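Architecture and fold: a report
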Amino acid sequence: MNASFNLIDQPWLLCVDEEGQAVRLGLYDALARAHTLRELQGEIPLATAALHRLLLAILHRNFGPANSRAWQRLWEGGRWDADVLQGYFERYYDRFDLFDAAYPFYQVS
């Protein structure tokens, strides 16, 4: 049996919810529930910044507004479109697995 740890659905991001409770979430849940979270916490400030950059890269890939009007619509929506995120993560699911044989996330196989 091959090892697998997919960052999309495995809970690994330490977040703080609206009630101030710590909760671990995968990438999909962290982005889909972002409007209900207070913060994202890394073990050190540089890790927190790197996690924000990862999440922003995913958001930009999916929602990168073409102009200020598109940005305004995103802002007024108050949350990310979970269906768009789901489609993206389904398409690239294997690319977010730390132990994928062909494309281990952020590594060389």
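Described in the following lines is the structure provided in the data block. (Residues numbered from 1 in each chain as written. Predicted model: local features only at pLDDT ≥ 70, side-chain atom pairs only at ≥ 80, totals over all residues. Heavy atoms only, no water.)

**A closer look at the sheet that holds strand β1 (residues 13–17)**
One open sheet holds the 3 strands; their spatial order is β2-β1-β3, and the pairing between them is antiparallel. Looking along the sheet, the strands with just one partner apiece sit at the ends: β2 (22–25) and β3 (37–41). Between one strand axis and the next, the sheet turns by 35° as a mean value, whatever way the strands run. In the sheet, β1 pairs with β3 via 4 bridges, with the strands oriented antiparallel. In the sheet register, D17 faces β3, and the bridge partner there is L37. Across the face of the sheet, helix α2 (residues 45–63) comes into contact with β1 and β3 while running at roughly 120° to β3. (Pairing = 2+ DSSP bridges. Helix = DSSP H or I, 4+ residues; strand = E, 2+ residues; numbered from the N terminus. Axes fitted to C-alpha atoms, helices over the stretch in contact; angles between N-to-C directions. Contact = heavy atoms within 4.5 Å.)

**Re the pairing of β1**
The side chains of a regular strand alternate, residue by residue, between the two faces of the sheet. Summarising burial for β1: 4 of the 5 residues are buried, a large majority. The sheet contact formed by β1 and β2 spans 4 bridges and is antiparallel. Paired with L13 across the strands is L25, a residue of β2. (Buried < 20%, exposed > 50% of the residue type's maximum accessible area, 1.4 Å probe, protein only.)

**Thoughts on α2**
Helix length check: α2 (19 residues) gives 26 Å between terminal C-alpha atoms against 27 Å at 1.5 Å per residue, within 8%. Listed as buried for α2 are T48, L51, L54, L55, I58, L59 and F63. The buried residues of α2 occupy an angular sector of 140° when projected down its axis, which confines them to one face. More than 90 degrees from the buried face of α2, the exposed residues found are P45, L46, R53, L56, H60 and R61. Structurally, α2 contributes buried residues whose contacts are with β1, α1 (27–32), β3, α3 (68–77) and α4 (82–91). (Expected span 1.5 Å × (residues − 1). Arc of directions from axis to C-beta.)

**Some thoughts on the nonpolar core**
Counting 21 residues, the largest nonpolar core has L13, L27, L31, I58, F89 and F96 as the members making the most contacts within it. Only β1, α1, β3, α2 and α4 provide two or more residues apiece to this core. Ranked by the residues each element gives to this core, the list is headed by α2, at 6 residues. Ignoring any residue separated from it by four or fewer positions in sequence, one finds L31 in contact with L55, I58, L59, W80, L85 and F89. (Core = buried A, V, L, I, M, F, W, Y, C linked by side-chain atoms within 4.5 Å.)

**Observations concerning the side chain of D100**
Along the chain, the position of D100 falls in the segment after α4. Buried and without a salt bridge, D100 has R95 as its closest oppositely charged side chain, separated by 6.4 Å. A distance of 3.1 Å separates a polar atom in the side chain of D100 from the backbone nitrogen of A102. (Lys, Arg positive; Asp, Glu negative; His and termini not counted. Salt bridge = Lys/Arg side-chain N within 4 Å of Asp/Glu carboxyl O. Polar contact = N/O pair within 3.5 Å; in protein donor to acceptor, adjacent residues only side chain to side chain.)

**Notes on the packing of α2 against α4**
Between α2 and α4, the least distance of the axes is 10 Å, while the angle of their chain directions is 105°. Looking at the two axes, α2 sits roughly perpendicular to α4. Where α2 approaches α4, its residues I58, L59, R61, N62 and F63 are matched on the opposing element by V84, L85, Y88 and F89. For the contact of α2 with α4, the residue count by class is 7 nonpolar, 1 polar and 1 charged. (Parallel < 35°, antiparallel > 145°, perpendicular 65-115°, else oblique. Nonpolar A, V, L, I, M, F, W, Y, C, P; charged D, E, K, R; others polar.)

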